[in-house]
Amino acid sequence: MLIRAATRGSPLALWQTEHVAALLRGVDPSIEVEPVVVTTTADRRLDVTIAEMGGKGVFVKEVQAAVLDGRADIAVHSAKDMPSTTLDELVIAAVPDRGDPRDALVGCTLSELGPDSHVATGSARRQSQLAHHRPGMRFSPLRGSIATRLEKAADFDAIVVASAALERLGWSDRASEVLDPDVMLPQVGQGTLAVEARGDARDLLDALSDIDNAKSRRVLMAERAFLAELGGDCDLPAGAYATIHGDDDEIVRVDALVASLDGSSLIRERVEARDGVAAARSAARRLLDDRGGAELLAPR
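All values derive from a computational prediction rather than experimental measurement.

About the thresholds
- Residues numbered from 1 in each chain as written.
- Predicted model: local features only at pLDDT ≥ 70, side-chain atom pairs only at ≥ 80, totals over all residues.
- Heavy atoms only, no water.
- Helix = DSSP H or I, 4+ residues; strand = E, 2+ residues; numbered from the N terminus.
- Rg over C-alpha atoms; globule rule 2.2 N^0.38 Å.
- Contact = heavy atoms within 4.5 Å.
- Areas by Shrake-Rupley, 256 points an atom, 1.4 Å probe, with all protein chains shown as cover.
- Pairing = 2+ DSSP bridges.
- Axes fitted to C-alpha atoms, helices over the stretch in contact; angles between N-to-C directions.
- Buried < 20%, exposed > 50% of the residue type's maximum accessible area, 1.4 Å probe, protein only.
- Polar contact = N/O pair within 3.5 Å; in protein donor to acceptor, adjacent residues only side chain to side chain.
- Left-handed = near helix turned anticlockwise from the far one by under 90°.
- Nonpolar A, V, L, I, M, F, W, Y, C, P; charged D, E, K, R; others polar.
- Salt bridge = Lys/Arg side-chain N within 4 Å of Asp/Glu carboxyl O.
- Core = buried A, V, L, I, M, F, W, Y, C linked by side-chain atoms within 4.5 Å.

Enquirer: Is there a simple way to think about the overall build of the protein in this case?
Expert: Each helix and strand in the protein was counted, giving 10 helices and 13 strands. Expected size for 300 residues packed as a compact globule is a radius of gyration near 19 Å; at 19 Å, the protein falls within 12% of this value. C-alpha atoms of the protein, sized along the principal axes, occupy 55 × 45 × 35 Å. A separation threshold of at least 6 residues defines the contact pool for the protein, and within that pool the share at least 24 residues apart is 69%. Summed over all atoms, the accessible surface of the protein reaches about 13,100 Å², with 47% contributed by carbon and sulfur.

Here it is, written out as structure tokens:
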């Protein structure tokens, strides 16, 4: 079976596609995966912030289009880049085993950051949490491939990147500190890959089901439900992290937060339930309705 895989062209995106290909070959050696590289507008326009281009989803729409118009059979995404709802024609056909969901500081550790520090990050979620822990810091936007970001690290006291990205590209040694979720709550889906396919491609869906990790899917769907309930597909100062607990892995714990961009207000909520999606939605409603989160996230 030949599977054409739509992917962005960055080294990290190509690594992710090859990882999916290797998983598929491990199940069926006759499967061949051919990358279909899509250069997205977001990849070309590094001078514009993600929020200005429409927020969450700008990295995936053109990759999805390659599947919808027949140029590719599947799309391989970083799950954190995906909107909280899936297009009607597509399904998330596989969620491989999750990588490290945490964020990493490059340049110095959190304890070394002070009021005069200058940190680069393109994420409102990261900025708000760092500002909460270290008030008074300056922030600058940061975009580009992981290599480009690391090259720019010398211009700042620290930059923030996904730990999984460093690990996958063999640059884990560049991390000054990997931040515990108690300090920096991860982005929805961070460290997770999602493989999309057309919902009517039955043979393909059967093949992809063999590389689907049930636990990774369960926590991803919970985190995506939090984002959907929050009503945010743009880059909000919000995050959610789902984990599985209990003797029989029956409980999903969802830690979630919303914050002001300057970090002066940050509220967290934890909900546990057998139904992870229900837990995530409950966490979102508590933050928005009971804890003042709606006001924090309101446009200024």
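From this point, the discussion proceeds with the structure in view.
Enquirer: Where do I start with the sheet that holds strand β12 (residues 251-259) in this structure?
Expert: Backbone-to-backbone hydrogen bonds join strands into a sheet, with any given pair of strands oriented parallel or antiparallel. As summarised here, the arrangement of the 3 strands in space is β11-β12-β13, forming an open sheet in which the pairing is antiparallel. Two strands close off the open sheet at either side, each with one partner strand: β11 (238-245) and β13 (266-273). On average, adjacent strands in this sheet sit at an angle of 15° to one another, irrespective of strand direction. As judged from the 8 bridges shared by β12 and β13, these two strands associate in the antiparallel manner. Bridge pairing links Ala256 to Glu269 in β13.

Enquirer: Can you help me understand the sheet that holds strand β4 (residues 90-94) in this one?
Expert: Spatially, β2-β1-β3-β10-β4 is the arrangement adopted by the 5 strands of the open sheet, whose pairing is mixed. Edge positions in the sheet fall to β2 (32-37) and β4, since each has one partner strand and no second. Each neighbouring strand pair of the sheet contributes to a mean axis angle of 35°, computed without reference to strand direction. Of the strand pairs in this sheet, strand β1 (residues 2-7) and β2 are connected by 6 bridges, and their pairing is parallel. Paired with Ala5 across the strands is Pro35, a residue of β2. Here helix α3 (residues 61-68) sits on the sheet and contacts β1, β3 (74-78), β4 and β10 (193-198); the angle it forms with β3, its principal contact strand, is near 165°.

Enquirer: Help me out: how do you make sense of helix α4 (residues 124-133) in this one?
Expert: At 3.6 residues per turn, the α-helix brings residues three or four places apart onto the same side. Counting buried residues in α4 gives 8 out of 10 residues, a clear majority hidden from the surface. Within α4 the residues assigned to the buried category are Ala124, Arg125, Arg126, Gln127, Ser128, Gln129, Leu130 and Ala131. At the N-terminal boundary of α4, the capping side chain belongs to Ser123, with an oxygen 3.2 Å from the backbone nitrogen of Arg125.

Enquirer: I tried to follow the packing of helix α8 (residues 214-230) against helix α9 (residues 276-290) on my own but got confused; where do I start?
Expert: Between two packed helices, the angle of one axis relative to the other and the distance separating the axes together describe the packing. α9 packs onto α8 with a crossing angle of 35° between their chain directions and a minimal axis gap of 8 Å. In this structure, the crossing between α8 and α9 has a hand that is right-handed. Contacts between α8 and α9 involve Met221, Ala222, Ala225, Phe226, Glu229 and Leu230 on the former and, on the latter, Gly276, Val277, Ala280, Arg281, Ala284, Arg285, Leu287 and Leu288. Considered class by class, the residues forming the contact of α8 with α9 number 10 nonpolar, 1 polar and 3 charged.

Enquirer: Any chance you could explain the pattern of salt bridges here in plain terms?
Expert: Here the structure, examined in full by the defined rule, presents 18 salt bridges. Residue Asp100 pairs with Arg102 through a salt bridge whose shortest N-O separation is 2.9 Å. We classify Asp100 as buried; its relative accessible area is 14%. Overall, the relative accessible area of 29% leaves Arg102 in the partly exposed class. A salt bridge links Arg285 to Glu229; the shortest N-O distance between them is 3.1 Å. Pair noted here: Arg285 is in helix α9 and Glu229 is in helix α8, with a separation of 56 residues, a long-range link. Assessed through its relative accessible area of 27%, Glu229 is described here as partly exposed. In this structure, a network of salt bridges that share partners links the residues Arg8, Lys80 and Asp81.

Enquirer: Quick question: what am I supposed to make of the nonpolar core here?
Expert: A general tendency of soluble globular proteins is for nonpolar side chains to be buried together. Phe226, Leu230, Val254 and Val258 are the most contacted members of the largest nonpolar core, which totals 25 residues. Excluding residues within four positions of it along the chain, Phe226 makes contact with Val188, Gly239, Ala240, Ala256, Leu257, Ala280, Ala284 and Leu287. Leu24, Ile74, Leu193 and Ile211 belong to the second largest nonpolar core, which has 19 residues in total.

Enquirer: Teacher, can you tell me more about the pairing of β12 here?
Expert: Both faces of the sheet carry side chains from a regular strand, because those side chains alternate between them. Among the 9 residues in β12, 7 count as buried, and that is most of the element. Inspection of the sheet shows β11 paired to β12 by 8 bridges, in the antiparallel sense. Of the residues in β12, the one forming a bridge with Ala238 is Val258. Linking β11 to β12, which pair antiparallel, is a turn of 5 residues; within it Gly246 sits at a positive phi near 100°.

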